[in-house]
Amino acid sequence: MPATLIKGKDIREEILTEIRADVERIRDKTGAVPGLVTILVGEDPASVSYVTGKIKTAQSLGFKEVQENRPETISEEELLALVEQYNRDETIHGILVQLPLPKQIDEKKVINAINPDKDVDGFHPVNVGRLLIGGGGVKFPPCTPAGIVEMLRRAEVPTAGAEVVVVGRSNIVGKPVAVMLLQKAEGANATVTVAHTRTRDLAAHCRRADILIVAAGVPGLVKPEWIKPGSCVIDVGVNRVGTKISKKTGKPVAVLKGDVDFEKAAEIAGWITPVPGGVGPMTITMLMQNTLNSLKFMLGME
Ligand code: NAP
């Protein structure tokens, strides 16, 4: 396999070690630690698993972690009141409402109710605006795109002048990662194309990409022959394609595949991310980074 593997798992450990050291330093100097509240509505297994991962990571870093679990039947009014309680809590620097929310609740209303200066997911319109404008005003880049940009930086993949093709235009991955890479800034300065289901000749766009970021949620969408030799392939897709018996636990576990045919693509690309273990571990890591940064902003430390 000629491609260099960009392993999110290893980069996560590097970043978490940096965050842990920073948390200790700030705690020793000021007595304050980053505070994160995770609000989970209902018991959807995927949401429970994501929130559990966030809680465990926050605790392992020495954060204050508050869990607010509410039943599926919670009213919009009650949820908005809960958000408001943490908007006012000075020991909390990050508010995370796990999405999706049940039908009776307007997700937009809840996101808009979060204080933008505690919106560590980066989904509030104020933070989306800050991201688009770029520069020093960016407070909380959304976590998965921020993880992708950080992976490119740490793997020393050149972005200035690079042809970047992003497949997918969602608000949580495709659009923000495109915006981040086209900024006039170090680690960006790319020429960006965003492709979607209406794109004519997706293969032709992919073939000229120096950096190909695929976030479509379609297993094996990108064929090996679409990949430019020596390019960097970031596979964001996480697709459950079946189950297998875990050797460790003897229990059935999901078989995950990305949007790219990994084995063959790795023979052609210069860098590639695996699925699982690539972009996936970066999302929670960047949430922790945003929460730490939120405390630093509040303390006027940067
Ligand atoms: P999404 O909201 O479903 O958006 C998918 C995007 O891909 C849409 O813009 C869609 O185009 C485009 N698309 C779908 N099929 C296509 C095709 N055949 N050709 C070209 N474009 C196509 O998905 P998402 O939330 O961005 O997530 C994308 C994938 O990333 C999923 O597998 C998800 O599980 C994964 N993901 C992983 C992480 C992580 O690892 N931490 C985080 C978030 C998401 P239209 O707009 O035209 O419909």
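Look up: the structure comes first, before these words.
Source: prediction; values computed, not measured. (Residues numbered from 1 in each chain as written. Predicted model: local features only at pLDDT ≥ 70, side-chain atom pairs only at ≥ 80, totals over all residues. Heavy atoms only, no water.)

Asks: Just give me the short version of the sheet that holds strand S11 (residues 271-272), but keep the residues and values in it.
Replies: The six strands are arranged S1-S11-S8-S7-S5-S6 in an open sheet whose pairing can be described as parallel. Looking along the sheet, the strands with just one partner apiece sit at the ends: strand S1 (4-5) and strand S6 (191-195). Relative to S11, S1 runs parallel, the two sharing two bridges. Looking across to S11, one finds that Thr4 is bridged to Trp271. (Pairing = 2+ DSSP bridges. Helix = DSSP H or I, 4+ residues; strand = E, 2+ residues; numbered from the N terminus.)

Asks: If you had to explain the packing of aromatic side chains to someone new, which residues and values would you point to?
Replies: This structure, assessed with the given rule, holds one aromatic pair. Geometrically, the ring pair formed by Phe140 and Phe297 is edge-to-face, given 6.1 Å between the ring centres and 70° between the ring planes. With Phe140 in the loop between helix H5 (125-133) and helix H6 (143-154) and Phe297 in helix H10 (residues 280-299), this pair connects stretches of sequence that are 157 residues apart. When its relative accessible area of 27% is taken as the criterion, Phe297 is described as partly exposed. The cationic tip of Lys139 hangs over the ring face of Phe297; the distance from NZ or CZ to the ring centre is 5.1 Å. (Phe/Tyr/Trp six-rings, centres within 6.5 Å; stacked < 30°, edge-to-face > 60°. Buried < 20%, exposed > 50% of the residue type's maximum accessible area, 1.4 Å probe, protein only. Lys NZ or Arg CZ within 6 Å of the ring centre and 35° of its normal.)

Asks: A description of the side chain of Thr199 should follow, citing residues and the corresponding values.
Replies: Its location among the elements puts Thr199 in the loop between S6 and helix H8 (202-207). Of the polar contacts made by the side chain of Thr199, one reaches the backbone nitrogen of His196; its length is 2.7 Å. Residues contacting Thr199, with those up to four places away along its chain left out, are Val194 and His205. (Polar contact = N/O pair within 3.5 Å; in protein donor to acceptor, adjacent residues only side chain to side chain. Contact = heavy atoms within 4.5 Å.)

Asks: Any details on unusual backbone geometry? Residues and values, ideally.
Replies: Following Leu99, the chain continues into Pro100 via a peptide bond in cis, with omega recorded as 0°. At the junction of Val275 and Pro276, the peptide bond is cis and its omega measures out at 0° in the coordinates. With respect to the helices and strands, Pro276 occurs in the loop between S11 and H10. Unusually for a residue other than glycine, Glu156 sits at a positive phi of about 55°. Within the secondary structure, Glu156 is located in the loop between H6 and strand S5 (163-167). We note that Asp201 has phi near 55°; this positive angle belongs to a residue other than glycine. Along the polypeptide, Asp201 turns up in the loop between S6 and H8.

Function-wise, these values are silent; they only describe arrangement.
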